[in-house]
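# Observations on the three-dimensional arrangement
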Amino acid sequence: LFPGVRQAQWLTKTKLVEGLPPAVQGIMDNPAHGLRELEERAKHAVSHARLWDTAEAAPRREQYCPVLFENLMHICRLMSGKYPSLTKRMLARNCRIAATWERESILLQVRGLSGILMNSMTPIPPVASKEEILATKEHVLETFYPIAPTIDLQEVNVYKELNDTGQCFGDGYPYSHPHTLFFLESANVRTDRFRPEQLRAKMLMFAFGNALAKAKALHGNDPKVLEQPVVVQSVGTDGQLFQFMVFQLNTTDLVSNDGVKNLVWIDSDQSLYEKAQCVPEVKKRVVTKPAGIFGFQPDTFKKFLALYLHGTV
Amino acid sequence: MAALGARRLLRPGRRWFSETVPGAPSPPASPLYPPVVASVTAKSKAAKSRRLQRFNQRVHAAATVEEKLRLYGKLQRPKYMVYPQTFALNADRWYRSFTKTVLVPGMPPRAVAAKPPVAAAGTTPEAGRAPEPGAEAPGAAEAPGAAHAPETPKTPEPAAGAAPYLDMGELRSLACDALLQESFYQNKKRPFLYRDQDHTPGPFLTQLVSTLAAFLSGRNPLLAASSLDLNPEVNYYWHHGEEVVVHGHRKGRVDPVRFQIDDNPHLQIRVPKQLPEVVPLESDLGDVPVIDHKPSKLPLFKKQFENKVFIGSKVADPCCYGHTQFHLLPDKLKRERFIRERLEDQIEVVYRSNGIASLFAWTAAQAMYQGFWNEADVTRPFVSQAVVTDGKYFAFFCYQLNTLALTAETIKNNPRKNICWGTDSKPLYDVVEDGKVKGFNDEVLFQLVRFLLNRPKEL
């Protein structure tokens, strides 16, 4: 998806809002959650993933990206000592997502392995108020005339219009609400990885797919404006830069171009640390940079944790 | 010589100088000649022992632990590769003799006070609840996926003082949910050939441990500061015994027998504080088996490569002590294979050898990270735990490392032995059918929870 997020916005009938929604910001700013003490642990987590995890000199991205993610998730999960309702979450790896919708007479479909999905028993409450949702009616979607919006999409003969996260999970699954999707760009070679813009677009498409499938499972297949909007979050990283996204599905009526739109809040390109020096840099027999993590930004970890706690706190 | 003779004749009578004759000649301030020691480079036994002493002094004098480890494993020679997960017959006897370990069946005795009272009811008893934080959703025990039918009578135990409860219903539902998700709810493709373990039991174990650790972290502050590794590497290199080199340019020389363990547990939990000792350092709880054959008869094969000592992360990591390891047995060692080949008694041997070898490697590597080695033996015992499973059957092991001195010289006067407590493998559940877990075994879950709650006495 080359023009990236803008194209994804048109395809999913979404309005973009910069920054994270106020509910998540509220969790971050709330000192009762003890986020300051976790900074030390987050720094250890980063050091472990980037410096200490291997018997060789420096771990490669394929190794440190998943390890960093696991370490951060471990710290987040340990918060359930304080908030017991956090144990009502379950991680599912390698789950396949499939969702179909029509967009101005073009049938679109999202399919594929969608990274790591975290499900919870309770849904996330809607983030935007009713006024904001109605206000999106006035918002006009950007078009890319003369480029057709389906550029760069693969045209495929679809024989079955599949529509489920139920592709992934059977009936009666207790953790039925998708909470957060995680995407790890861990390929060693830079060209195999998605660039940040493309990663954000991918996150948007998959979050939309999950939300749509859930909405159709809850409310049926007819296109309409949802009374209870479905909220799905998404985090993408390549081991150093983090992209945070909160997507709220307000309507499944995607054929027309007007009416209520969906909303997405994106916080892009948050770096968790500047540089991780595995071996001290020595110039002319003098150590210029000792080994360690430089430029650690605790705010990025706070956002990660806030997105994790969102919905149960 | 003539001058000496002349001085002798002169001395008795005359006093040339105003010198007080001392009772004994005054000792020289510094030795006149350097000490007479064996040569360093000669081809003799004395020279070899002098070289060994110089090497030991170098390692003792090393400034940092990394330097010590580097010097310890500097010389690369062919060494026996010891695999914790092995199909060799009676491997656990051999491994016990290599590592000087005593196997004690059953679990180590723990202080009764440390055992938390357990709520036996299937539903959450409102009355007998000690102050549990937050709002435990009352529907947890009745989660639709988990079908532990509440046949157990609702007997709320009286709150024993301030000891917090351990809600078995909650834990059971967490375990059942993890199991059902991996085996039933999530639609996965068919498992690859001979990769059954990666398909279902592997993810189940990861889910189970991470959710249980998160759940119990409120009760065990050590877990709250822990670090969870997925698929880490644990390596250890040591010498034990002596042999004569058989062929090659070094033929006929007496060499220590070198061993190396390279292990990949499925999961491990590392903590910043050490687990408390189970029995005192010098206790003797049994005998170490003595095997007269060469290790290659096990069968064990030699390889030569880098001598690694690694606990899962480098020395700089603050979480440098081990808490629990989780091992998943591969498809090659599944029970049906042994039953088919009529080797039923070897099933337990697989679990035991895995437990002993992996835990020895882990605890010994932890001890080396603290600066101990076979010349500087440990001053406090190192304790770690492990759970070996094949997805359904669980076996629990607890290991106490009392001594690292296993080389031929240091083992002579060393009365200490390492101790390993181990159980037999028991199933966690009988079968998973139709979204229900049948025959869930609470004992196994309780043992697992006790393992995770283990912590030093101060906390």
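So, a few notes on the structure that sits alongside this text. This structure is a prediction, so every number in the text was calculated from the model and none was measured. (Residues numbered from 1 in each chain as written. Chains lettered and ligands numbered in written order. Predicted model: local features only at pLDDT ≥ 70, side-chain atom pairs only at ≥ 80, totals over all residues. Heavy atoms only, no water.)

### Let's talk about the overall build of chain B
Here is the rule: Secondary structure follows DSSP: runs of H or I at least 4 residues long count as helices, runs of E at least 2 residues long count as strands, and numbering of each begins at the N terminus. Residues count as neighbours in contact if any of their non-hydrogen atoms are within 4.5 Å of one another. Per-residue and other accessible areas follow the Shrake-Rupley method at a 1.4 Å probe size, with only the shown protein chains counted as cover for residues.
Check the secondary structure of chain B and you find 11 helices and 16 strands. Considering only intrachain contacts with a sequence separation of at least 6, the fraction spanning at least 24 residues in chain B is 79%. As presented, chain B carries roughly 23200 Å² of accessible surface, and 57% of it is formed by carbon and sulfur atoms.

### Focus: the overall build of chain A
What counts, and what does not: Partly exposed describes any residue whose relative accessible area lies between the buried limit of under 20% and the exposed limit of over 50%, with all areas from a 1.4 Å probe on protein chains only and scaled to the type maximum.
Counting secondary structure elements, chain A contains seven helices and 13 strands. Counting all 313 residues of chain A, 53% fall into the buried class. Look at the contacts in chain A between residues 6 or more apart in sequence, and 75% of them connect residues 24 or more apart. Here chain A has roughly 13800 Å² of accessible surface; of this, 52% comes from carbon and sulfur atoms.

### Observations regarding a positive patch on the surface
Which entries qualify depends on this criterion: A patch consists of residues exposed above 30% relative accessible area that lack any salt bridge, with like charges linked at up to 9 Å and nonpolar side chains (Val, Leu, Ile, Met, Phe, Trp, Tyr) linked at up to 5 Å. Salt bridge criterion: a side-chain nitrogen from Lys or Arg within 4 Å of a carboxyl oxygen from Asp or Glu. Only four residue types enter the tally: Lys and Arg on the positive side, Asp and Glu on the negative side; His and the chain ends are excluded. Every charge is mapped to an atom, namely NZ of Lys, CZ of Arg, CG of Asp or CD of Glu.
A contiguous patch of positive charge on the surface is contributed by Lys43, Lys48, Arg51 and Arg253 of chain B. Assignment of secondary structure puts lysine 43 of chain B in the loop between helix H1 (2-10) and helix H2 (45-60).

### Thoughts on the pairing of strand S9 (residues 262-271) of chain A
Residue and element names in this part refer to chain A. As a reminder, the rule being used: At least two DSSP bridges between two strands are required for those strands to pair.
Burial runs high along S9: eight of the 10 residues are buried. Inspection of the sheet shows strand S1 (residues 14-18) paired to S9 by five bridges, in the parallel sense. Within S9, the position partnered with glutamate 18 by the bridge is isoleucine 266. Pairing geometry for strand S8 (residues 241-251) and S9, over seven bridges, is antiparallel. Counted as the bridge partner of leucine 241 is serine 271 from S9.

### Here's the deal with the nonpolar core
In plain terms, the rule: Throughout, nonpolar core names a set of buried Ala, Val, Leu, Ile, Met, Phe, Trp, Tyr and Cys residues whose side chains join them through atoms within 4.5 Å.
One finds Tyr236, Trp238, Phe326 and Leu404 of chain B to be the most contacted residues of the largest nonpolar core, which totals 109 residues. Among the elements that make up this core, the one with the highest residue count is helix H10 (residues 346-369) of chain B (14 residues). If we ignore the near neighbours within four places in the chain, the residues touching phenylalanine 326 of chain B are Leu205, Val209, Pro265, His266, Leu267, Ile269, Val387, Leu448 and Leu452 of chain B. Counting 47 residues, the second-largest nonpolar core is a separate cluster that includes Val24, Ile124, Phe304 and Leu307 of chain A.

### Quick notes on the packing of helix H4 (residues 91-99) of chain B against H10 of chain B
All names here are of chain B. What counts, and what does not: Where helices are involved, their axes are fitted lines through C-alpha atoms of the stretch in contact, as for all axes, and angles between N-to-C directions lie from 0 to 180°. Should an angle fall under 35 degrees it is taken as roughly parallel, and over 145 as roughly antiparallel, whereas 65 to 115 is taken as roughly perpendicular and any remaining angle as oblique. Should the near helix be turned anticlockwise from the far one by less than a right angle, the crossing is left-handed, and should it be turned clockwise, the crossing is right-handed. Three residue categories are used. Nonpolar comprises Ala, Val, Leu, Ile, Met, Phe, Trp, Tyr, Cys and Pro, charged comprises Asp, Glu, Lys and Arg, and polar comprises the others, including Gly.
Their axes nearest at 8 Å, the elements H4 and H10 cross at an angle of 20°. As the angle between them shows, H4 and H10 are arranged roughly parallel. Classified by chirality, the crossing of H10 by H4 is left-handed. The segment H4 lies against H10, with Ala91, Asp92, Tyr95, Arg96 and Thr99 engaging Val349, Arg352, Ser353, Ile356, Ala357 and Phe360. In terms of residue class, the contact of H4 with H10 is built from six nonpolar, two polar and three charged.

### Section: a nonpolar patch on the surface
All names here are of chain B. A contiguous nonpolar surface patch, about 440 Å² in accessible area, is contributed by Phe192, Leu193 and Tyr194. By secondary structure assignment, the location of leucine 193 is in the loop between helix H5 (168-185) and helix H6 (196-199). For leucine 193, a relative accessible area of 62% corresponds to the exposed category.

### Looking at the pattern of salt bridges
Residue and element names in this part refer to chain A. Taken as a whole and judged by the stated rule, the model has 22 salt bridges over all chains. Among the ionic pairs, aspartate 269 bridges to arginine 200, the shortest N-O distance being 3.6 Å. Highlighted residues: aspartate 269 in strand S9 and arginine 200 in helix H6 (residues 196-219), separated in sequence by 69 residues. Its relative accessible area of 39% is what places aspartate 269 among the partly exposed residues. One connected set of salt bridges, linked through shared partners, spans Glu197, Arg200 and Asp269.

### Here's the deal with the pairing of strand S8 (residues 267-271) of chain B
All names here are of chain B. Most of S8 sits inside the fold, with five of its five residues counted as buried. Judged by which residues are buried, S8 turns out to be covered on both faces: Leu267, Ile269 and Val271 on one side and Gln268 and Arg270 on the other are all buried. Where strand S5 (residues 227-230) lies against S8, four bridges are found, and the strand directions are antiparallel. Each bridged residue has a counterpart across the sheet, and for leucine 228 the counterpart in S8 is isoleucine 269.

### Regarding helix H7 (residues 201-216) of chain B
Test applied: A helix is expected to span 1.5 Å for every residue after the first.
For H7 of chain B, with 16 residues, the first-to-last C-alpha span of 22 Å sits near the 22 Å given by 1.5 Å per residue. Most of H7 of chain B is tucked away, with 15 of its 16 residues classed as buried.

### Points about the sheet that holds S9 of chain A
Residue and element names in this part refer to chain A. On the basis of which strands lie adjacent, the open sheet formed by seven strands has the order S1-S9-S8-S7-S6-S5-S2 and mixed pairing. The open sheet has two edge strands, S1 and strand S2 (89-93), and neither has a second partner. Direction aside, neighbouring strands of the sheet carry axes that sit 20° apart on average. H6 rests against strand S5 (116-120), strand S6 (177-184), strand S7 (225-237), S8 and S9 of the sheet, and its axis sits at about 35° to S8.

### Here we look at the sheet that holds strand S9 (residues 302-303) of chain B
Residues and elements named next belong to chain B. Read from one edge of the open sheet, four strands run S6-S7-S1-S9, paired in mixed fashion. In this open sheet, the two strands that pair with only one neighbour each are strand S6 (234-244) and S9. In the sheet, strand S1 (residues 79-82) pairs with strand S7 (residues 254-263) via three bridges, with the strands oriented parallel. By the bridge assignment for S7, methionine 81 is matched with glutamine 260. Packed onto the sheet, H4 meets S1, S6 and S7 and runs at close to 85° relative to S6.

### Quick word on the packing of aromatic side chains
In plain terms, the rule: In this scheme Phe, Tyr and Trp rings, the latter by its six-membered ring, pair at centre separations within 6.5 Å, and the angle between planes marks the pair as stacked below 30 degrees, edge-to-face above 60, and tilted otherwise. In our convention, an over-ring charge means Lys NZ or Arg CZ found within 6 Å of a ring centre and within 35 degrees of that ring's normal.
Applying the stated rule across the entire model yields 20 aromatic pairs over all chains. Centroid distance phenylalanine 182 of chain A to phenylalanine 304 of chain A: 6.1 Å. Interplanar angle 40°. Geometry classified as tilted. Pair noted here: phenylalanine 182 of chain A is in strand S6 and phenylalanine 304 of chain A is in helix H7 (residues 298-309), with a separation of 122 residues, a long-range link. By relative accessible area, which is 3% here, phenylalanine 304 of chain A ends up buried. Each residue in the set Tyr80, Trp94, Tyr95, Phe98, Tyr236, Trp238, Phe259, Phe360 and Tyr399 of chain B is aromatic and connected to the rest through ring pairs, giving one cluster. In this structure, arginine 50 of chain A is placed above the aromatic ring of tyrosine 64 of chain A, and the distance from its NZ or CZ to the ring centre is 4.0 Å. Its guanidinium or amino end placed over the ring of tyrosine 393 of chain B, arginine 335 of chain B lies 3.7 Å from that ring's centre, counting from NZ or CZ.

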